[in-house]
Amino acid sequence: MVKCIGENLNIMSKKYGKALKERDPKPLQELAVQQTEAGMDWVDLNIGPAGKMGEELMTWLVPVVHEVTDLPLALDTSNIKAIEAGLKAHKKGRPLINSIMVRPERMDALLPLAKEYDADFIALLWGPEGMPRDENERGALCSEIVFKATGEYGIAPERIYVDPIQTPVNVQQNQIMSALEFMKMFQDIAPGCRSTIGLSNVSNGPPEHLRPILNQVMLILLKRYGMYSAIVDCFDTKLHDIAKGKRPELEALVHKVEDGEAIDMSSLSKEEVDFVKTAKVILGHALYSDSWLEI
Ligand code: THG
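Residues numbered from 1 in each chain as written. Predicted model: local features only at pLDDT ≥ 70, side-chain atom pairs only at ≥ 80, totals over all residues. Heavy atoms only, no water.

Let us look at the sheet that holds strand β6 (residues 160–163). Sheet architecture is open: eight strands sit in the order β7-β6-β5-β4-β3-β2-β1-β8, paired in parallel fashion. The open sheet is flanked by β7 (194–195) and β8 (229–232), the only strands paired with a single partner. (Pairing = 2+ DSSP bridges. Helix = DSSP H or I, 4+ residues; strand = E, 2+ residues; numbered from the N terminus.)

Here it is, written out as structure tokens:
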């Protein structure tokens, strides 16, 4: 069972971005209801960096969303003042800070807020030099932020959601393997901590109609190594079924691909063939091209 954080309320979206800018509550509240009905565990409020308006926008948005749902909210912005405003406005359940990078100035500003408001937070494994290059750099960044949060600030491990960073399949396939390798080591590096990932990043770039299957197969791969939660498209019902463990046959098939077992393709349904082909592309057994399902 992987918990789900709905990603759809974001400033980049045509519909919801407009509603955010115009402070129009209706579309945002409709989306919050849809996310609740879809079984999301959090609603991500992605307002971008939001500049000077960030504080005011988050102060307005949190109660607007909480008027129609009891779900806890993920405060998704790099704007520290907007995060603090969101924490102040958040009255239902435990807020989730999204996110704290492993950079001294970000940790020094945001870890005290996580402690003060007893919030959960996403520890984004992004260091002073940017994205980690492999699983060992991911491990080092993870240790650094967990050590600081628990040791210096007395934050409990279960408040920490480590994000190993999901990259697109069509540009950085080796980084996908590194994030997976990190997940295998994760509970030894950070016992008691939780994990999350921006799942849809994997399909950022490929044709729109092929995004769901990439997201679905990627979730199966991460789920095997205990991914606790993921930031996902709230409208992808098949993805939710996978998150809830309702498609064990697809999971078993993708695991077979990962383990290099021989698979008799002629015995498979179209859906199963597509899952095998997609797993091969994500795992780097086959090269990515936009037409990978037709090959
Ligand atoms: N880690 C953490 N937080 C994150 C990310 C992460 N927050 C932002 C992002 N990555 C996760 N959220 C999204 C939101 C939307 C999309 C992808 C990831 C997306 N949207 C479609 C698009 O851009 O084509 C549709 C936009 C629309 O609604 O019109 O792909 O990695 N901690």
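Around the ligand lies a shell of 13 residues, among which Asp-76, Asn-98, Asp-163, Asn-201 and Arg-211 are the nearest. Here Asn-201 contributes a side-chain N or O atom positioned 2.8 Å from an oxygen atom of the ligand. Protein contacts shield 70% of the accessible area of the ligand, which totals 670 Å² for the unbound molecule. The residue makeup of the shell around the ligand, split by class, is two nonpolar, seven polar and four charged. (Near = heavy atom within 4 Å. Polar contact = N/O pair within 3.5 Å; in protein donor to acceptor, adjacent residues only side chain to side chain. Areas by Shrake-Rupley, 256 points an atom, 1.4 Å probe, with all protein chains shown as cover. Nonpolar A, V, L, I, M, F, W, Y, C, P; charged D, E, K, R; others polar.)

This part is about the packing of helix α2 (residues 25–37) against helix α3 (residues 54–66). In the contact formed by α2 and α3, the axes pass within 9 Å of each other and the chain directions differ by 50°. Here α3 runs oblique to α2, going by the angle between their axes. The chirality of how α2 crosses α3 is right-handed. Between α2 and α3, the residues in contact are Pro-25, Leu-28, Gln-29 and Ala-32 and Trp-60, Leu-61, Val-64 and Val-65, respectively. Taken together, the residues of the contact of α2 with α3 sort by class into seven nonpolar, one polar and no charged. (Axes fitted to C-alpha atoms, helices over the stretch in contact; angles between N-to-C directions. Parallel < 35°, antiparallel > 145°, perpendicular 65-115°, else oblique. Left-handed = near helix turned anticlockwise from the far one by under 90°. Contact = heavy atoms within 4.5 Å.)

One finds Leu-9, Leu-45, Leu-61, Phe-121, Ile-160 and Val-162 to be the most contacted residues of the largest nonpolar core, which totals 89 residues. Ranked by residues supplied to this core, first place goes to helix α8 (residues 211–224) with eight residues. In this structure, Leu-61 is in contact with Leu-9, Leu-20, Leu-28, Leu-45 and Ile-47, ignoring residues within four places of it in sequence. Judged by nonpolar contacts, the second largest core, of seven residues, contains Trp-42, Leu-96, Tyr-161 and Ile-231. (Core = buried A, V, L, I, M, F, W, Y, C linked by side-chain atoms within 4.5 Å. Buried < 20%, exposed > 50% of the residue type's maximum accessible area, 1.4 Å probe, protein only.)

It is worth spelling out the environment of Ala-50 at this point. One can find Ala-50 in the loop between β2 (42–46) and α3. With relative accessibility at 22%, the residue Ala-50 sits in the partly exposed group. Sequence separation between Ala-50 and Ser-78 is 28 residues; the distance between their C-alpha atoms is 8.4 Å.

Everything listed here is a matter of geometry and, on its own, says nothing about what the molecule does.
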